[in-house]
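So the chains spell out like this:
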Amino acid sequence: MEVSFHDEIAKLKLGEGATFHGEGILAVTKALLQSGVAYVGGYQGAPVSHLLDVMVQARDYLDELGVHVEACTNEASAAAMLGASINYPMRGAVTWKSIVGTNVASDALSYLSTAGVLGGALIVVGEDYGEGASVALERTHAVALKSSLWMLDPRPNLATIVHMVEKGFELSEASSTPVILDLRIRACHVTGSFAARANRAPAVSSRHRLEGPPEFVYERLSHPPATFKQEKLKAEVRLPAARRFIAAQRLNEIFPGTEEDVGIIVQGGLYNNTIRALQLLGLADDFGASRVPILALNVVYPLVPEEITGFCAGKRAVLVVEEGRPEFIEQDVATLLRRADLQTKLHGKDVLAQAGEYTAEVIVRGLARFLASHRPDLGTAPGARWLEAIEATRTRAAELLGPLPPRPPTFCVGCPERPVFAAMKLAKREIGEPHVAADIGCHAFATFEPFSQGNSILGYGMSLASAAGVAPAMAKRTVSIMGDGGFWHNGLLSGVASSLLNRGDGVLVIMKNGYTSATGTQEIVSSPPDDAKALAREQSAAHADRSIERTLRGLGVKWLRTVHTYRVAEMAKTLKAAFAAPEHGLKVIVAEAECQLERQRRLRPQVAAALKAGERVVRTRFGVDEDVCSGDHSCIRLSGCPSLTVKDASDPLKVDPVAHVNNGCVGCGLCGEVAHAAILCPSFFRAEIVHNPRWWDRAKHRLRTTLIGWLQPA
Ligand code: SF4
Ligand code: SF4
């Protein structure tokens, strides 16, 4: 069961002149429809998951328009979809999280950019960079440069973002080149308004089909010898065409200021933070009007030489505000200034931080250094006071709070993946420490305390492949962890097929929770159907056909076990068996149990409806009998559940805090299972909370209370 995007879909249907109000990423989705996009594909990932999630749920409406939507199995298949725009006048858009998704897609992107496009092709990437980043911190800009893909980085302002989507398609068509729309987390989540336009049904689509393929033109294939010509086209035709379009359409914005002898060149995506920094320095008003002139690059590649030199001419110095490394824009600007023989001093990474997110604080520090060198008369005292105030607050907070313990992210309460790592901890007591190849997904939380399991992460679905070089050098088998999302994304071929081909001999644990949970619980090919009846129907047919187990057997995996994840003792036993099995070959354990987040999403409305209807509902909760708890907290170290915490003992003779289950408990039973499997103190109890009890519940309760009363001394 997925989150409902009912309200978002209503916003996609807004007509001419209506006011759209919402988040940046939804504005992009609406802008695609206003641009007459014919097909959309992608692979979900923060911060752009919303685009595809909403589109998938809006299929009925999109069918009316003739827009085809595809939830692709990985970014490579999404990128390859853009091949439709090579030969046909069809606008297409794909989306994924970058840099990781762009890496996966890069083969298809190379060929696509080489062949060029007839219809506009837009690649919407979420640049997951900065403090909230969950991937390697690298720049998509590098891919744009090496493949000659144009790159937009719009100001985080809804009207600008929508304008850049629409112009992005035109730029793509004017220069026969795919265009990347780069969105930072802040751009995706910024809220605002814009005047909507009517959605455009595409001229060529599932509703208006083509009779057949175009005339055969070898030059449209990215294949030698056509590639030799295409390389020249990229440099001599497409690049100048793009620059002409960018200049003519004024896609980059100049904000004049009174202090004309200095200036700032900023990536569009960093414009808001730069304005905030200028305000803090006393150099911009509350409405964002800056005294220092600004060139906001809504297109960061290619730069238009005349725009750069025109902005810099007559200035004693300019500062390039560019996040991430290397400083591609700064290098590009330096080349253009040198070629034009302009003596404007150029600053960027020499005064700004080399790495990390460019928050307003970071930019204030850099701007202050820049202005101190070139315009000390402008004064930066307000900024200095603000920085001092921040430092004072930090110092005071540290004094009051003392050193804070690290708070790493962790599995949801009741997550079905946590028990597998508890079982691994138990199994390791006998088999010793194996090399653990970790992967991308919720299970990567096991790399943190209290599990600390994982020696490497090499990419989504790459764990088994990453163990291939390690395994032959190890005295004991390696274990690779993979989610079902990762299995279908890449792991099936890169890991399993490769291991079978090379007669690998490792252990693979596949977390079969039913969804790509880490990216928002999107469906995968092996997801269970929505309701129980459908599940029963499908289990006998198509659903079973595409199960992970059947796929593995079809490939030739002989040693295969499916274990329910909450059965900790059985899981530990199966892990030990996989390590001890005498036969050579890949051993796969499918760890099965539904993602708790999805389970709760499904159950909560059902429980609420049953309670409202006065039906009998039983909720299971676990608890710790503090009289029995020995206070050694082994259960916490083994299960790691955030609901399993500590509290002061009410017995004054117990000096250590006792274990305690708080109200967040979803009753998954793991703590009890772990206590049993690890032979810990018998302090866990299971309680049933009965809502709307029937007469027999009350009778049982009375009987039990009476019996306990007899047995307990007064
Ligand atoms: S989203 Fe699902 S799989 Fe991921 S941590 Fe939460 S319960 Fe576990
Ligand atoms: S039963 Fe135990 S492990 Fe499961 S949610 Fe409750 S406290 Fe956490």
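The following paragraphs examine the structure supplied in this document. From a predicted model like this one, the values you see are computed outputs, not experimental measurements.

With respect to spatial proximity, the complete set of residues near ligand 1 consists of Phe411, Cys412, Cys415, Glu417, Cys442, Asn513, Ser517, Cys595, Gln596 and Leu597. Of the residues assigned to the shell around ligand 1, the class counts are six nonpolar, three polar and one charged.

Taken together, the six strands give an open sheet; going across it, the order is 16-15-17-18-22-21, and neighbouring strands pair in parallel fashion. At either margin of the open sheet sits one strand with a lone partner, and together these are strand 16 (456-457) and strand 21 (559-564). As defined by bridge partners, strand 17 (residues 479-483) adjoins strand 18 (residues 507-512) across five bridges and the pair is classed as parallel. Counterpart to Val479 in the pairing with strand 18 is Val507. Seen against the sheet, helix 19 (residues 484-501) touches strand 17 and strand 18 and runs at an angle of roughly 135° to strand 17.

Burial of helix 2 (residues 24-34) is extensive: eleven of the eleven residues sit out of reach of the surface. Within helix 2, burial applies to Gly24, Ile25, Leu26, Ala27, Val28, Thr29, Lys30, Ala31, Leu32, Leu33 and Gln34. Positive phi appears at Gly36, one or two residues downstream of helix 2, with a value of about 75°.

Moving on: the sheet that holds strand 2 (residues 39-42). Through backbone hydrogen bonds, the strands of a sheet pair up, either in parallel or in antiparallel fashion. Strands sit in the order 3-2-4-5-7-6-12 across an open sheet of seven strands; the sheet is mixed. Looking along the sheet, the strands with just one partner apiece sit at the ends: strand 3 (68-71) and strand 12 (299-301). Averaged over neighbouring strand pairs, the angle between their axes works out to 20° when direction is ignored. Relative to strand 12, strand 6 (residues 150-152) is paired through two bridges, and the arrangement is antiparallel. What sits directly across from Met151, in strand 12, is Tyr301. The sheet strands contacting helix 7 (residues 100-115) are strand 4 (92-98) and strand 5 (121-127), and the helix crosses strand 4 at an angle near 135°.

Let us look at the pattern of salt bridges. Under the criterion given, the structure shown has 32 salt bridges. Glu166 serves as the salt-bridge partner of Arg197, at 2.9 Å between the closest nitrogen and oxygen. Here Glu166 lies in helix 9 (residues 158-175) and Arg197 lies in the loop between strand 8 (191-195) and helix 11 (226-248), a separation of 31 residues in the sequence. According to the relative accessible area criterion, Glu166 is buried, its value standing at 13%. When salt bridges with common partners are traced through the structure, they connect Glu259, Asp261, Arg291, Arg316, Arg375 and Asp377 into a single cluster.

The environment of ligand 2 is made up of Val413, Phe622, Cys641, Ser643, Val661, Cys665, Val666, Gly667, Cys668, Gly669, Leu670 and Cys671. Taken together, the residues of the shell around ligand 2 sort by class into nine nonpolar, three polar and no charged.

Right, let's talk about the environment of Gln34 for a bit. Along the chain, the position of Gln34 falls in helix 2. Assessed through its relative accessible area of 1%, Gln34 is described here as buried. Taking the C-alpha atoms as reference, Gln34 lies 9.7 Å from Glu16; in sequence the two are 18 residues apart. A distance of 2.9 Å separates the side chain of Gln34 from the side chain of Glu166, its partner in a polar contact. A polar contact is formed between the side chain of Gln34 and the backbone nitrogen of Arg197, at a distance of 2.9 Å.

Okay, the packing of aromatic side chains next. Counted according to the given criterion, the structure contains eleven aromatic pairs. With centroids separated by 6.2 Å and ring planes inclined at 70°, the aromatic side chains of Phe411 and Phe451 adopt a geometry described as edge-to-face. Taken together, the residues span a long stretch of sequence, with Phe411 in the loop between helix 16 (381-401) and helix 17 (418-431) and Phe451 in the loop between strand 15 (436-438) and strand 16 at a distance of 40 residues. Judged by its relative accessible area of 2%, Phe411 falls in the buried class. Residue classification places Phe451 among the buried positions, given a relative accessible area of 5%. An aromatic cluster is present here, built from Phe411, Phe421, Phe445 and Phe451 joined pairwise through their rings.

For the pair helix 12 (residues 271-280) and helix 15 (residues 360-374), the least separation of the axes is 8 Å and the interaxial angle reads 60°. In this view, helix 12 runs oblique relative to helix 15, as classed from their interaxial angle. Crossing of helix 12 over helix 15 shows right-handed handedness. Within the contact between the two elements, helix 12 uses Asn273, Thr274, Arg276, Ala277, Leu278 and Leu280 and helix 15 uses Ala360, Ile363, Val364 and Leu367. Residue composition of the contact of helix 12 with helix 15, grouped by class: seven nonpolar, two polar and one charged.

Turning our eyes to something else, we now look at helix 7. Think of an α-helix as turning once every 3.6 residues; residues three or four places apart then point the same way. In this model helix 7 runs 23 Å from its N-terminal to its C-terminal C-alpha over 16 residues, within 8% of the 22 Å that 1.5 Å per residue would give. If you look at helix 7, its biggest bend is around 60°, right at Ser106. Looking at helix 7, one finds that the buried residues are Gly101, Thr102, Ala105, Leu109, Leu112, Ser113, Thr114 and Ala115. Trailing helix 7 by a residue or two, Gly116 shows a phi angle of about 80°, which is positive.

So, on to the layout of surface pockets. Counted as a void, the largest pocket has a volume near 950 Å³. In terms of lining residues, the largest pocket is bounded by 48 residues, among which Lys97, Ser134, Val135, Ile440 and Thr519 are the most central. Put simply, the parts of the chain that give the lining of the largest pocket at least two residues each are helix 3 (49-57), helix 7, helix 19 and strand 19 (515-516). Looking at the lining of the largest pocket element by element, the count peaks at five residues for helix 19.

With that settled, the discussion passes to the packing of helix 2 against helix 9. Interhelical geometry of helix 2 versus helix 9 gives an angle of 35° and a closest axis separation of 9 Å. With respect to the hand of their crossing, helix 2 and helix 9 are arranged in right-handed fashion. Contacts between helix 2 and helix 9 involve Gly24, Ala27, Val28, Ala31, Leu32 and Gln34 from the first element and Leu158, Ile161, Val162, Val165, Glu166 and Phe169 from the second. Partitioned by chemical class, the residues of the contact of helix 2 with helix 9 number nine nonpolar, two polar and one charged.

Thresholds, definitions, all that
- Residues numbered from 1 in each chain as written.
- Chains lettered and ligands numbered in written order.
- Predicted model: local features only at pLDDT ≥ 70, side-chain atom pairs only at ≥ 80, totals over all residues.
- Heavy atoms only, no water.
- Near = heavy atom within 4 Å.
- Nonpolar A, V, L, I, M, F, W, Y, C, P; charged D, E, K, R; others polar.
- Pairing = 2+ DSSP bridges.
- Helix = DSSP H or I, 4+ residues; strand = E, 2+ residues; numbered from the N terminus.
- Contact = heavy atoms within 4.5 Å.
- Axes fitted to C-alpha atoms, helices over the stretch in contact; angles between N-to-C directions.
- Buried < 20%, exposed > 50% of the residue type's maximum accessible area, 1.4 Å probe, protein only.
- Salt bridge = Lys/Arg side-chain N within 4 Å of Asp/Glu carboxyl O.
- Polar contact = N/O pair within 3.5 Å; in protein donor to acceptor, adjacent residues only side chain to side chain.
- Phe/Tyr/Trp six-rings, centres within 6.5 Å; stacked < 30°, edge-to-face > 60°.
- Parallel < 35°, antiparallel > 145°, perpendicular 65-115°, else oblique.
- Left-handed = near helix turned anticlockwise from the far one by under 90°.
- Expected span 1.5 Å × (residues − 1).
- Bend = angle between axes of the 7 residues up to and from the residue.
- 1 Å grid on protein atoms, 1.4 Å probe; cavity = no way out; pocket = protein on both sides within 12 Å on 5 of 7 lines; lining within 4 Å.
- Points joined across faces, edges and corners; volume = space filled by probe spheres on them.

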